[in-house]
Amino acid sequence: MSAITLLSLILLILMLLVGGKHGLSSFISILLNFALLFIAVILIAGGFPPLGVSLFIGICILAITIYMGNDDEAATNTAFIATILVVGVMLVLIVPVDYLAQVQGFGNEQSEEIEAFNLLIGVNFESLLIATTVLATLGAIAEASIAVASSLEELLSQKPDLTLAQLYKSGKAIGFQIMAMTFNTLFFGMFGGDLALFILLARLNASFGYYLNAKIFVGECLAVLFSALAVILAIWITIYLTGRKLNTQR
């Protein structure tokens, strides 16, 4: 039995013990999302437009993550609409920034690993960078949006007479806590995943300007910044949609 299989079984057992049916549903959603990402790789490698594939697969991933992870229909509908809007807004931001940053493709630090391979693979690396950036933000925005939507729906069920101003105030307080935790998660995820790269850059004894122009480093920083911005947008849009729905119902 491989290490991945063993860890997957341990994860499944723990999710069943802690979450029961919800844990099983969440584990199945992870497998489905992994399959969708694998399909995305096959489609892009097969010549399909990377941006179109990422948007379609991204919407599917959001739907699976949100609807299979929560039973509250009101919260899931609000969260799903919010995440779709956030993806649209982020796409408008990601396209020009990635174009100006010019961090697509491979960096000099990776040349040794790929020099034996043919890089003429028939894929537009600029479109591929945009696609991967969009996909990288999905988990953070889905988590933030469903957390805020679920919290506000639970608050409304406990206090049906809650005013719109009170709802917005509570939403901001909840969103601030989620925002702080998510930012830490994103930062430490990047630092932990690229620790070997940071050690390599440090051993080069290069100037600070070199780090700011290192393609891999800049690309990773942009991914974290995009995810952070997407989380902020997801929180605000979710609060707004929940408030608008409350205002309509009354």
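The structure under discussion appears in the preceding block.
Below you will find a few notes about this structure.

What counts, and where the lines are drawn
- Residues numbered from 1 in each chain as written.
- Predicted model: local features only at pLDDT ≥ 70, side-chain atom pairs only at ≥ 80, totals over all residues.
- Heavy atoms only, no water.
- Helix = DSSP H or I, 4+ residues; strand = E, 2+ residues; numbered from the N terminus.
- Buried < 20%, exposed > 50% of the residue type's maximum accessible area, 1.4 Å probe, protein only.
- Contact = heavy atoms within 4.5 Å.
- Areas by Shrake-Rupley, 256 points an atom, 1.4 Å probe, with all protein chains shown as cover.
- Patch = residues over 30% accessible without salt bridge, like charges linked within 9 Å, V, L, I, M, F, W, Y side chains within 5 Å.
- Salt bridge = Lys/Arg side-chain N within 4 Å of Asp/Glu carboxyl O.
- Lys, Arg positive; Asp, Glu negative; His and termini not counted.
- Charge placed at Lys NZ, Arg CZ, Asp CG, Glu CD.
- Expected span 1.5 Å × (residues − 1).

## What to know about the overall build of the chain
Within the chain, the regular secondary structure consists of 10 helices and zero strands. Within the chain, buried positions represent 36% of all 250 residues. Long-range contacts, defined as pairs at least 24 residues apart, comprise 75% of the intrachain contacts of the chain with a sequence gap of at least 6. For the chain, the computed accessible surface area is about 14700 Å², with 70% contributed by carbon and sulfur atoms.

## Focus: a negative patch on the surface
Side chains of Asp71, Asp72, Glu73 and Glu154 sit close together on the surface and give a patch of like negative charge. Position of Glu154 relative to the elements: it lies in helix α6 (residues 125-158). Overall, Glu154 belongs to the partly exposed group, its relative accessible area being 44%.

## A closer look at the pattern of salt bridges
Counted under the stated rule, the structure contains one salt bridge. Close ionic contact of Lys245 with Glu153 constitutes a salt bridge, the shortest N to O distance being 2.6 Å. Within this pair, whereas Lys245 is found in helix α10 (residues 215-249), its partner Glu153 is found in helix α6, the two being separated by 92 residues in sequence.

## Some points on helix α2 (residues 21-45)
For α2, built from 25 residues, the straight-helix expectation of 36 Å at 1.5 Å per residue is met to within 8% by its first-to-last C-alpha distance of 36 Å. Three or more residues of α2 are buried, namely Gly23, Ser25, Phe27, Ser29, Asn33, Leu36, Ala40 and Ile44. Following α2 by one or two positions, Gly47 has its phi on the positive side, about 110°.

## Describing the environment of Met15
Inspection of the secondary structure puts Met15 in helix α1 (residues 3-19). Residue classification places Met15 among the buried residues on the basis of a relative accessible area of 17%. The spacing of Met15 and Ser26 is 11 residues in sequence and 8.1 Å in space, taken between C-alpha atoms. Excluding anything up to four places from it in sequence, Met15 contacts Gly20, Gly23, Ser26, Phe27 and Ile30.

Without other data, these values stay purely geometric and don't point to any function.
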